[in-house]
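Spelled out, the chains give:
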Amino acid sequence: MFYREAGDFKTSYEADNQTFPIKFDRYRYYAVLVIAFAMVPFVINDYWVNAVFLPFLIYSIAAIGLNILVGYCGQVSLGTGGFMAVGAYACYKFMTGLDIWLMQDGEWVRYALPEINIFFSVILAGLVTSVVGVLFGLPSLRIKGFYLAVATLAAQFFLVWLFNKWSWTYNYSASGQISAPERTIMGVPVTGAETAPWAAYLFCLVFLTLSALIARNLTRGMAGRKWMAIRDMDIAAEIIGVNPLKAKLSAFAVSSFFVGIAGALFFAVYLGAVEVGEAFGINKSFLVLFMVIIGGLGSIFGSFAGAAFLVLLPVLLKNTLVGGLGWPTDLAAHLEFIIVGGLIVTFLVAEPHGLAQLWRVTKEKLRLWPFPH
Amino acid sequence: MKQKLLTAVTAAVMAAGPALAELKIVDTSYRTGPYAANGIPFSDGYQDYFTLLNERDGGIGGEMINLVECETGYNTEKGVECYEGTKGDDSLVYQPLSTGITYQLIPKASADGIPLHTMGYGRTSAKNGSVFKWVFNYPANYWDGASHAVTHILNQNDGDIGDKTIALVYHNSAYGKEPIRTLEKLSEKHGYDLTLLPVDHPGQEQKSQWLQIRREKPDYVIMWGWGVMNQVAIQEAVNIRFPMENFIGIWWSGSENDVKAAGERADGYKALTFHNLGRDYPVYDDIQEYVVDAGLAAGAGDQIGSVLYNRGMYAAMLAAEAVKTAQEMHGVAAITPEQMRDGMENLEITEEKMAAIGLPNFGPEFTVTCENHGGNGLGAVSQWDAEAGKFELITDYYQSDQEIIQELVKEDSMSFAEENDIELRCD
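The following refers to the structure shown. (Residues numbered from 1 in each chain as written. Chains lettered and ligands numbered in written order. Predicted model: local features only at pLDDT ≥ 70, side-chain atom pairs only at ≥ 80, totals over all residues.)

From N to C terminus, chain A includes 15 helices and 6 strands. For a compact globule of 373 residues, the expected C-alpha radius of gyration is about 21 Å, and chain A comes in at 22 Å, within 12% of that figure. Along the first, second and third principal axes, the C-alpha atoms of chain A reach 85 × 60 × 40 Å. Out of the 373 residues in chain A, the part that is buried amounts to 46%. When contacts within chain A are restricted to residue pairs at least 6 apart in sequence, those whose partners lie at least 24 apart make up 74%. (Helix = DSSP H or I, 4+ residues; strand = E, 2+ residues; numbered from the N terminus. Rg over C-alpha atoms; globule rule 2.2 N^0.38 Å. Buried ≥ 20, exposed ≤ 12 C-beta atoms within 10 Å, placed from the backbone. Contact = placed C-beta atoms within 7 Å.)

Structural data, given as structure tokens:
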């Protein structure tokens with residue numbers, strides 16, 4: 001009934017290769033875009049943006065980034081929190097005017113770049129993170145699997161330590177916190193306390209849409225095929241002419257780019273002030289990794305699904321248990337862990353390949369429905 | 001099925017809307033996670049006091065108090081969610097009990113026009129009311145605390161600590177870093193050597209820090225810890241046989257839950273405080289009668305009279321007094337957050353007021369003004385008596401080194417004002 005290609009004829013190679021080859025699917029995709037861009041901004045308030053949409057959008061970007069590395073290229077990484085921190089701190093430095101200290105005649109002289117527009121600060125933050133990601137990706141050329149996970153874990157701890165220790169990164173503030181001053185795009189504030197809910201939402205949505213488009217097109221092109229070849233069997237990939245150095249490092253670069261953007265938005269738009277140990281600790285690395293695993297390795301849709309699952313479910317549970325049923329908050333908080341944990345296990349037992357696979361199976365079934373034979 | 005579930009959830013969320021709030025007070029508590037041991041007693045005290053007012057007096061000035069609790073887990077993301085979820089319907093004041101969450105909320109609450117009371121924590125320079133219109137941190141702040149500790153050490157050494165070494169063991173976060181600048185300034189003034197020993201969140205791993213203390217043998221250790229970090233630090237100090245009377249914690253590192261785990265050898269551990277301890281106050285009889293015996297006590301009801309319970313109750317008392325002040329100023333019972341702020345800014349705590357409440361001699365007297373949102377900076381030192389199982393005050397209240405602190409407050413708040421284009425008030 002649904003999702004049927006019958007009657008949906010393609011006359012060109014491009015048309016056959018598009019992301020959503022089935023008409024129904026494509027229209028649904030357009031509808032989601034229209035709703036997200038043209039309708040949601042008019043109806044959301046502070047609570048929906050800050051508790052639901054911003055975390056969902058930002059974690060989706062991070063999950064897309066990590067999915068490229070873990071899901072497509074098969075390189076396990078536990079450094080996501082650290083890379084997000086790089087994005088956040090880089091964004092902070094760019095948006096407040098990067099200062100450089102040079103030694104002149106025996107004393108330090110401060111030179112500062114002008115403050116960069118927040119949009120470009122975020123992108124630059126992504127680029128800085130991708131450089132750092134490549135550096136920490138170098139060991140992946142020699143070590144694999146769990147051993148690589150441990151190496152990236154070192155990146156996580158090192159980076160958090162660095163941003164605590166190196167006072168230049170937080171502009172020498174006494175508390176070691178970085179806080180985002182108000183920055184505007186065409187006169188509309190997108191960071192700082194005066195930000196309208198729709199502005200923060202749209203700003204992150206634009207980044208998410210761009211990230212998803214880029215990631216989708218990279219992963220189904222030459223680069224993505226190389227990554228997947230490395231993931232499936234690196235020796236075989238090398239024999240058919242995939243350069244593992246380039247493939248692995250490019251995966252680290254692209255992945256870190258998205259993770260860096262997520263970190264920058266997380267700091268500048270969502271929280272507004274962060275301290276590195278609390279906001280970008282090891283828990284963040286695990287959270288994003290869980291999103292990728294639950295959502296589905298090697299699937300862009302899976303990144304969205306995983307982020308939604310782990311961001312929205314706790315909020316929904318909390319509102320239902322505390323707000324709806326009036327339970328004590330501590331009981332609800334403990335139950336939340338149990339329920340979310342239980343659901344993760346249930347979902348993974350039901351479908352080890354994550355929510356994305358569940359969705360794929362559903363689509364297959366819908367395609368045949370109501371005549372499954 | 002799906003439709004039904006959706007309806008049920010929607011109905012549940014709709015039902016969550018509070019019955020029109022009279023005086024809405026939000027308690028952003030944490031009863032879970034590594035900081036729960038400290039979060040629970042504070043929250044219990046905070047809630048019980050408001051329950052007492054509701055049960056005994058019918059609220060404040062005839063208006064009932066609607067207390068809303070929200071669990072943050074000491075986590076900034078959840079803190080933001082709590083704030084956004086509860087700020088509607090004229091929430092009067094927030095007491096986040098977390099320096100990290102405070103930093104998030106200062107710009108947000110200022111933009112929304114909701115006062116923050118960060119009692120003895122948060123951003124110290126919020127003391128300068130001409131920059132921070134919506135933030136209050138009376139009666140004392142971190143820099144006062146740092147100075148209290150140093151003054152106490154000075155008093156013990158007849159005013160000369162030029163040859164002493166002091167180590168600061170601190171939570172490696174905005175909270176723990178707060179006192180560093182003050183301690184450095186004071187070290188210039190008094191000539192002691194300062195060693196900094198950061199402990200990472202959540203603070204269970206402190207072996208290397210205490211090994212360093214054991215090796216370098218500082219004369220005094222000052223601690224800025226919270227949650228599980230306190231218990232671990234005190235245990236480690238006991239393990240290396242550090243003389244406990246030379247170990248001084250900030251007021252957030254001095255509750256029964258922190259020292260009990262270390263047993264008898266924690267005896268003599270010192271902690272600062274800005275209010276009195278114990279439960280020998282008339283108000284506790286009322287709490288017993290109207291709250292505990294009526295089965296309305298918050299949490300498990302087993303924290304009553306502990307240090308942090310007292311502090312939570314003290315915070316609630318200060319909030320209630322600010323409400324009263326606001327009601328008198330504006331002549332209305334159902335005040336708005338804006339009016340609450342006026343009440344806080346004109347709050348005056350006198351001995352008569354405290355005695356009338358049933359808390360005679362409980363805390364220092366202080367007055368809040370437009371310029372000074374931080375009180376007078378009075379504090380005292382308490383000491384743990386392991387045998388009796390309680391902390392006891394061993395000094396009178398004394399003032400911090402205002403000369404140095406005022407200068408630092410001014411410097412820090414002015415740079416905040418500059419960064420954020422804030423116009424100074426109070427002229």
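What follows is about the pairing of strand E1 (residues 99-104) of chain A. Within E1(A), only 0 of the 6 residues are buried, which leaves it mostly out in the open. The turn linking E1(A) back onto strand E2 (residues 107-112) of chain A is made up of 2 residues, and Asp105(A) within it adopts a positive phi angle of 50 degrees. (Pairing = 2+ DSSP bridges.)

All names here are of chain B. In this structure, the amide linkage connecting Tyr138 to the following residue, Pro139, adopts the cis form with an omega of 5 degrees. Structurally, the position occupied by Pro139 is in the loop between strand E5 (135-136) and helix H5 (142-156). The omega angle of the peptide bond from His201 to Pro202 is 0 degrees, so this bond is cis rather than trans. Tracing the sequence through the fold places Pro202 in the loop between strand E7 (193-199) and helix H8 (207-216). At Tyr74, a residue that is not glycine, the phi angle is positive and equals roughly 60 degrees. Residue position: Tyr74 is located in the loop between strand E2 (65-71) and helix H3 (76-86). In this structure Tyr74 comes out as buried when scored by C-beta crowding, with 28 C-beta atoms within 10 Å. Located in the positive-phi region is Asn361, a residue other than glycine, with phi close to 60 degrees. As for its position among the elements, Asn361 is in the loop between helix H14 (351-357) and strand E12 (366-367). Overall, Asn361 belongs to the exposed group, with 10 C-beta atoms counted inside 10 Å.

The next thing to look at is the packing of helix H12 (residues 282-295) of chain A against helix H13 (residues 300-324) of chain A. Helix-helix packing is described using two parameters, namely the angle between the two axes and the distance between the axes. Residues and elements named next belong to chain A. Following both chains from N to C, one finds H12 and H13 inclined at 120 degrees, their axes separated by 7 Å at the closest point. One finds that H12 runs oblique with respect to H13. The hand of the H12/H13 crossing is right-handed. Of H13, the residues touching H12 (which contributes Leu287, Phe290, Met291, Val292, Ile294 and Gly295) are Gly302, Ser303, Ala305, Gly306, Ala307, Phe309 and Leu310. (Axes fitted to C-alpha atoms, helices over the stretch in contact; angles between N-to-C directions. Parallel < 35°, antiparallel > 145°, perpendicular 65-115°, else oblique. Left-handed = near helix turned anticlockwise from the far one by under 90°.)

Residue and element names in this part refer to chain B. Packing of helix H2 (residues 36-57) against helix H11 (residues 282-292) brings their axes to within 9 Å, and their N-to-C directions diverge by 75 degrees. Regarding the angle of H2 to H11, the classification is roughly perpendicular. For the pair H2 and H11, contact is made by Asp48, Thr51, Leu52, Glu55 and Arg56 and by Asp286, Ile287, Tyr290 and Val291, respectively. Grouping the amino acids of the contact of H2 with H11 by side-chain chemistry returns 4 nonpolar, 1 polar and 4 charged. (Nonpolar A, V, L, I, M, F, W, Y, C, P; charged D, E, K, R; others polar.)

The next subject is the interface of chain B and chain A. Facing 35 residues of chain B, the contacting portion of chain A comprises 32 residues. Elements with a contribution of two residues or more to the side of chain B that touches chain A: helix H1 (2-16), E2, H3, helix H4 (99-112), helix H6 (174-177) and helix H15 (402-419) of chain B. Ranked by residues supplied to the side of chain B that touches chain A, first place goes to H4(B) with 7 residues. A class-by-class count of the residues in the side of chain B that touches chain A yields 11 nonpolar, 12 polar and 12 charged.

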